[in-house]
Amino acid sequence: MIYSTEVQNMCPVTQGVHHGAAPIPEEAKWVQAKKIEDISGYTHGVGWCAPQQGTCKLSLNVKDGIIQEALVETIGCSGMTHSAAMASEILPGLTLLEALNTDLVCDAINTAMRELFLQIVYGRTQSAFSEGGLQIGAGLEDLGKGARSMVGTMYGTLEKGPRYLEMTDGYVTDLALDENDEIIGYKFINFGKMMDFIKAGDDPKTAVEKASGQYGRVADAVRFIDPRKE
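Residues numbered from 1 in each chain as written. Predicted model: local features only at pLDDT ≥ 70, side-chain atom pairs only at ≥ 80, totals over all residues. Heavy atoms only, no water.

Colleague: If you had to explain the nonpolar core to someone new, which residues and values would you point to?
Modeller: Residues L58, L60, L91 and M113 are the most contacted members of the largest nonpolar core, which totals 25 residues. Elements that contribute at least two residues to this core include exactly β4 (55–63), β5 (66–75), α2 (78–90), α3 (96–100) and α4 (107–121). Sort the elements by how many residues they give to this core and α4 lands first, with seven residues. Leave out the neighbours within four places in its chain, and L60 touches G41, Y42, T43, I67, E69, A70, L91, L96, M113 and L116. Among the nonpolar cores identified, the runner-up in size contains seven residues, and M167, L175, L177 and Y186 belong to it. (Core = buried A, V, L, I, M, F, W, Y, C linked by side-chain atoms within 4.5 Å. Buried < 20%, exposed > 50% of the residue type's maximum accessible area, 1.4 Å probe, protein only. Helix = DSSP H or I, 4+ residues; strand = E, 2+ residues; numbered from the N terminus. Contact = heavy atoms within 4.5 Å.)

Next up, the structure:
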């Protein structure tokens, strides 16, 4: 280590009291994090690329500094799905520091990793006060039955008004309109459930019927429109 002449000529002064790192909450424990292996927790981060064409929600389950589980969800850019596939292979087994300094292929995923890192090293995790943290598999539980991301897709114009295209419930097939042509409900197909029915042996038509549902005052509708065609 090289010191400048100015520093070498200084007289030594003893450093005062230092209590160490402030404790952060981790899985129902207070931890003074000094090394990367001191970090545990389950949390999420959201990232975006420079042209903001798409975004990524990244969820990691970290135990003793090592990523044990990764959920990578992307929207808005066709190439991001392939990047997410690669990131899901890369992330498990890395330490948090390695993941922060690893090319995760897509800038949106890299940015999500940065935001997630900030949360987890400051003790702002979903499992901060959960004894023992969350079990490996918590990411799949976030997706729910059918293991599909929760996506909302809406479109609107001043001339023609709003169109609901996809809700957490599923793919919107019909919009229910009242006498003023205002939306009062919608019909949908839950693709996750539909595929489960098909895999269980149902024919596609039966599967669609069983996976269909509705929300709102559908029974009061004056008319219905297909949000993708009308």
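Colleague: Which residues make up the pattern of salt bridges, and what values do they have?
Modeller: The final tally for this structure, using the stated rule, is nine salt bridges. One salt bridge connects E37 with K35, and the closest N-O pair in it is separated by 4.0 Å. Relative accessible area serves as the criterion here: at 41%, E37 is assigned to the partly exposed category. One salt bridge connects E166 with R148, and the closest N-O pair in it is separated by 3.7 Å. With E166 in strand β7 (residues 161–167) and R148 in the loop between α5 (138–143) and β6 (153–157), this residue pair connects regions lying 18 residues apart in the sequence. (Salt bridge = Lys/Arg side-chain N within 4 Å of Asp/Glu carboxyl O.)

Colleague: Lay out the side chain of R163 in plain terms, naming residues and giving numbers.
Modeller: Mapped onto the elements of the fold, R163 is located in strand β7. One buried charge, R163, has no salt-bridge partner; the nearest side chain with opposite charge is E230, at 7.9 Å. In this structure the side chain of R163 is engaged in a polar contact, spanning 2.9 Å, whose partner is the backbone oxygen of E230. When near neighbours in sequence (up to four residues on either side) are disregarded, R163 contacts T153, M154, Y155, L175, I225, P227 and E230. (Lys, Arg positive; Asp, Glu negative; His and termini not counted. Polar contact = N/O pair within 3.5 Å; in protein donor to acceptor, adjacent residues only side chain to side chain.)

Colleague: Would you mind going over the sheet that holds strand β3 (residues 41–48) in detail, with residue names and values included?
Modeller: Across the sheet, three strands lie side by side as β3-β4-β5; this open sheet has antiparallel pairing. Each of the sheet's edge strands pairs with one partner strand only, and the pair in question is β3 and β5. On average, adjacent strands in this sheet sit at an angle of 15 degrees to one another, irrespective of strand direction. Relative to β4, β3 is paired through eight bridges, and the arrangement is antiparallel. What sits directly across from V46, in β4, is K57. Contacts between α2 and the sheet are confined to β4 and β5, with β5 contributing the most and set at about 175 degrees to the helix. On top of the sheet, α4 reaches β3, β4 and β5; it is set at about 140 degrees to β3, its chief contact. (Pairing = 2+ DSSP bridges. Axes fitted to C-alpha atoms, helices over the stretch in contact; angles between N-to-C directions.)

Colleague: Explain α4 to me, using residue names and the numbers behind them.
Modeller: Along its 15 residues, α4 runs 21 Å from first to last C-alpha, staying within 8% of the 21 Å computed at 1.5 Å per residue. Contact partners of the buried residues in α4: β1 (24–26), β3, β4, β5, α2 and α3. The positive-phi residue at the C-terminal boundary of α4 is G123, with phi of around 75 degrees. (Expected span 1.5 Å × (residues − 1).)

Colleague: I'd like to hear about the packing of aromatic side chains, residue by residue, with values.
Modeller: Using the criterion set out here, one finds five aromatic pairs in the structure. Between the aromatic rings of W30 and F129, the centroid separation amounts to 6.3 Å while the plane-to-plane angle is 70 degrees, which identifies the pairing as edge-to-face. Remark: F129 occurs in the loop between α4 and α5 and W30 occurs in strand β2 (residues 29–31); sequence separation between them is 99 residues. This pair shows no difference in class: W30 is exposed, exactly as F129 is. Aromatic pair Y171 and F191: ring centres 5.1 Å apart, planes at 25 degrees, arrangement stacked. Highlighted residues: Y171 in strand β8 (residues 170–177) and F191 in helix α6 (residues 191–199), separated in sequence by 20 residues. With relative accessibility at 26%, the residue Y171 sits in the partly exposed group. In this arrangement the basic side chain of K187 is found over the ring face of F224, its NZ or CZ atom lying 4.4 Å from the centre. In this structure, K210 packs its charged tip against the face of F197, placed 4.5 Å from the ring centre. (Phe/Tyr/Trp six-rings, centres within 6.5 Å; stacked < 30°, edge-to-face > 60°. Lys NZ or Arg CZ within 6 Å of the ring centre and 35° of its normal.)

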